[in-house]
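Remarks on the overall topology
Residue strings, one per chain:
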Amino acid sequence: MTIRLPGAGGALRAYEPRTEPFASAPGTPFTSRTVFSAAHVVADPFADASPDSPAAVDWDATLAFRRHLWAHGLGVAEAMDTAQRGMGLDWAGAAELIRRSAAEARAVGGRIACGVGTDQLTGGSLAEIRAAYEEQLAVVEEAGAQAILMASRALAATAKGPEDHLEVYGHLLRQAAGPVILHWLGPMFDPALDGYWGSADLDAATDTFLEVIAAHPDKVDGVKISLLDAQREIDLRRRLPRGVRCYTGDDFHYPELIAGDEQGFSHALLGIFDPLGPLAAEAVRVLDTGDVKAFRGLLDPTVELSRHLFQAPTRFYKTGVVFLAWLAGHQSHFTMVGGLQSARSLPHLARAYELADGLGLFPDPRLAEERMRNLLSLYGVNQ
């Protein structure tokens, strides 16, 4: 049977859904790359909450999705941008998410790293920004998780130049209990982070970023680069001190960056690996055998979906991620904290369904089709 999907111009087109999913099975962690999926949170659809209320989270469904990722060998990057930090999930909710997920990781033997930021603040002095970072770092370390030092909106607004970034990050790295991941999130993901590392000139910002790392190489496990610029990531990767990993956060060019070249490769910490989990895991296991061609053969076809989900305004990619989780049966509803399910259009969601279905991402294609039909009906599209 076919389903009629709306295009950008409003016209309906016929699409014949796939009948069999991509064949995948749970497996052990990888040997050639360290791979994290930045995971979304599942809202509680029955909570009487408004978009500006504190997040109401369905903890059972949220933790079940993390067990799904761990079962396929992926690490979980927790309380990150994909979990709607600063876009529906406040620090109180993030702190509870970190504690619960870290406990679950210990229970099942899963790898976890958690975001440390300053989202208690909307502004403040450098001393207040340091204190906010310290509070969050303590929560992550007490939970037994690795820390990811996220970019700070407050620091971006307060810092007078590179020296302020150097001072704040140097202070944090000196007191961190173990090696952390530094996260450089570009303004396409969060416009409030424009000019991070003290300059809108990306070459100058890169120099400052590398200066932070060079001063504390023993405290930096790796860096996550989310600038959607493959060549810039490669150039930076080649300048990292020995032993410091590069985790690609480039949801446009991840297959080539993970595959690497004769001078090195990137590990991964990606939001797109939330919906791609089983397929991405299978691709990395193939790469573990040294078969780069087969790895690219599996992962390259997913880029069209990723570019669609992460198209501008990129910060709303979370809507597509949660939408696909609903279609795949990982949650019973298409509701998001902060009401963010309204952030993408029906034609955008229809195309996401079509691309994901074509890749075989839905364990039960018939369930996905049924849910897609229900959504279309809600919007007034009669089949």
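This text follows the structure it describes.
As a starting point, this report considers the structure included with it. Going along each chain's sequence as written, the residues are numbered from 1 onward. Per-residue local features are limited, in this predicted model, to residues with pLDDT of at least 70; the limit for side-chain atom pairs, both in listing and counting, is 80 or more; totals at the level of whole chains, interfaces and linings are taken over all residues. Side-chain metrics in this entry use all non-hydrogen atoms of the structure; hydrogen atoms and water are not considered.

Comments concerning the environment of Leu193
The helix count covers DSSP runs of H or I at least four residues long, the strand count covers runs of E at least two residues long, and both are numbered beginning at the N terminus. For Leu193, the position within the fold is in the loop between strand E7 (180-185) and helix H6 (202-215). Judged by its relative accessible area of 2%, Leu193 is buried. Each C-alpha atom, one on Leu193 and one on Ala154, is 9.0 Å from the other, the two residues being 39 residues apart in sequence. A contact between two residues is defined here by any heavy atoms of the two lying within 4.5 Å. Among residues more than four places away in sequence, those in contact with Leu193 are Ala151, Ser152, Arg153, Ala156 and Leu185. For the exposure calls, accessible area comes from a 1.4 Å probe over protein chains only, and a residue counts as buried if that area is under 20% of its type's maximum, exposed if over 50%, partly exposed in between.

Quick look at the sheet that holds strand E3 (residues 35-38)
Within a sheet, neighbouring strands are paired by backbone hydrogen bonds and run either parallel or antiparallel to one another. Two strands pair under a simple rule: DSSP has to find at least two bridges between them. The parallel closed barrel is built from 8 strands, whose spatial order is E3-E4-E5-E6-E7-E8-E9-E10. In this sheet, adjacent strand axes meet at a mean angle of 25° when their direction is disregarded. Two strands pair when backbone bridges link them, and strand E6 (residues 146-149) and E7 are joined in this way by 2 bridges, in the parallel orientation. If you follow Leu149 over to E7, its bridge partner there is Leu182. Fitting a line to C-alpha atoms yields each axis, with helices limited to the stretch in contact; the angle taken between N-to-C directions then spans 0 to 180 degrees.

Overview of the environment of Ala145
By the element assignment, Ala145 lies in the loop between helix H3 (126-142) and E6. Separated by 28 residues in sequence, Ala145 and Gly117 have C-alpha atoms that sit 15 Å apart. Filtering out sequence-adjacent residues up to four positions away, Ala145 remains in contact with Ile112, Cys114 and Val140.

Details of the environment of Ala200
Examined against the element boundaries, Ala200 turns out to sit in the loop between E7 and H6. When its relative accessible area of 64% is taken as the criterion, Ala200 is described as exposed. Remark: the alpha-carbon pair of Ala200 and Gln136, spanning 64 residues in sequence, is separated by 27 Å.

Observations concerning the pattern of salt bridges
The term salt bridge refers to a pairing of a side-chain nitrogen on Lys or Arg with a carboxyl oxygen on Asp or Glu at a separation within 4 Å. Throughout the structure, instances matching the rule amount to 18 salt bridges. In this structure, Asp221 engages Arg245 in a salt bridge whose closest nitrogen and oxygen atoms are separated by 2.4 Å. Of this pair, Asp221 sits in strand E8 (residues 220-226) while Arg245 sits in strand E9 (residues 245-248), and the two are 24 residues apart along the sequence. Arg245 gets classed as partly exposed once you look at its relative accessible area, which sits at 28%. In this structure, a network of salt bridges that share partners links the residues Arg13, Glu304, Arg351 and Glu354.

Brief notes about the packing of helix H13 (residues 346-359) against helix H14 (residues 365-378)
It is the contact of H13 with H14, at a shortest axis distance of 12 Å, that shows an interaxial angle of 170°. If you check the angle between H13 and H14, you find them roughly antiparallel. On H14, the residues that touch Leu346, Leu349, Ala350, Tyr353 and Asp357 of H13 are Pro365, Ala368, Glu369, Met372, Leu375 and Leu376. Looking at the contact of H13 with H14 residue by residue, the class counts come to 9 nonpolar, no polar and 2 charged. Here the angle decides the label: under 35 degrees means roughly parallel, over 145 means roughly antiparallel, 65 to 115 means roughly perpendicular, and every other value means oblique. Under the grouping applied here, Gly and all other residues not named as nonpolar or charged are polar, the nonpolar ones being Ala, Val, Leu, Ile, Met, Phe, Trp, Tyr, Cys and Pro and the charged ones Asp, Glu, Lys and Arg.

Topic: the side chain of His253
Among the secondary structure elements, His253 is positioned in the loop between E9 and helix H8 (254-259). Residue classification places His253 among the buried positions, given a relative accessible area of 17%. Residues contacting His253, with those up to four places away along its chain left out, are Leu228, Ala230 and Arg307.

Looking at the pairing of strand E5 (residues 112-116)
Where burial is concerned, most of E5 is hidden: 5 out of the 5 residues are buried. Burial of the side chains of E5 extends over both faces: Ile112, Cys114 and Val116 are buried on one face and Ala113 and Gly115 on the other. Bridge count for strand E4 (residues 75-78) against E5 is 3 bridges, and the pairing is parallel. For Val76, the partnering residue across the bridge sits in E5 and is Ile112. The definition of a right-handed crossover adopted here requires that, viewed with the strands pointing away, the path from the first strand over the helix to the second runs clockwise. Crossover connection from E4 via helix H2 (residues 91-108) to parallel E5: handedness right-handed. The pairing of E5 with E6 spans 4 bridges and is classified as parallel. From the neighbouring strand, Val116 faces E6, where its bridge partner is Leu149. Viewed along the sheet, the connection from E5 through H3 into E6 turns out right-handed.

Nothing here speaks to function; it is all geometry.
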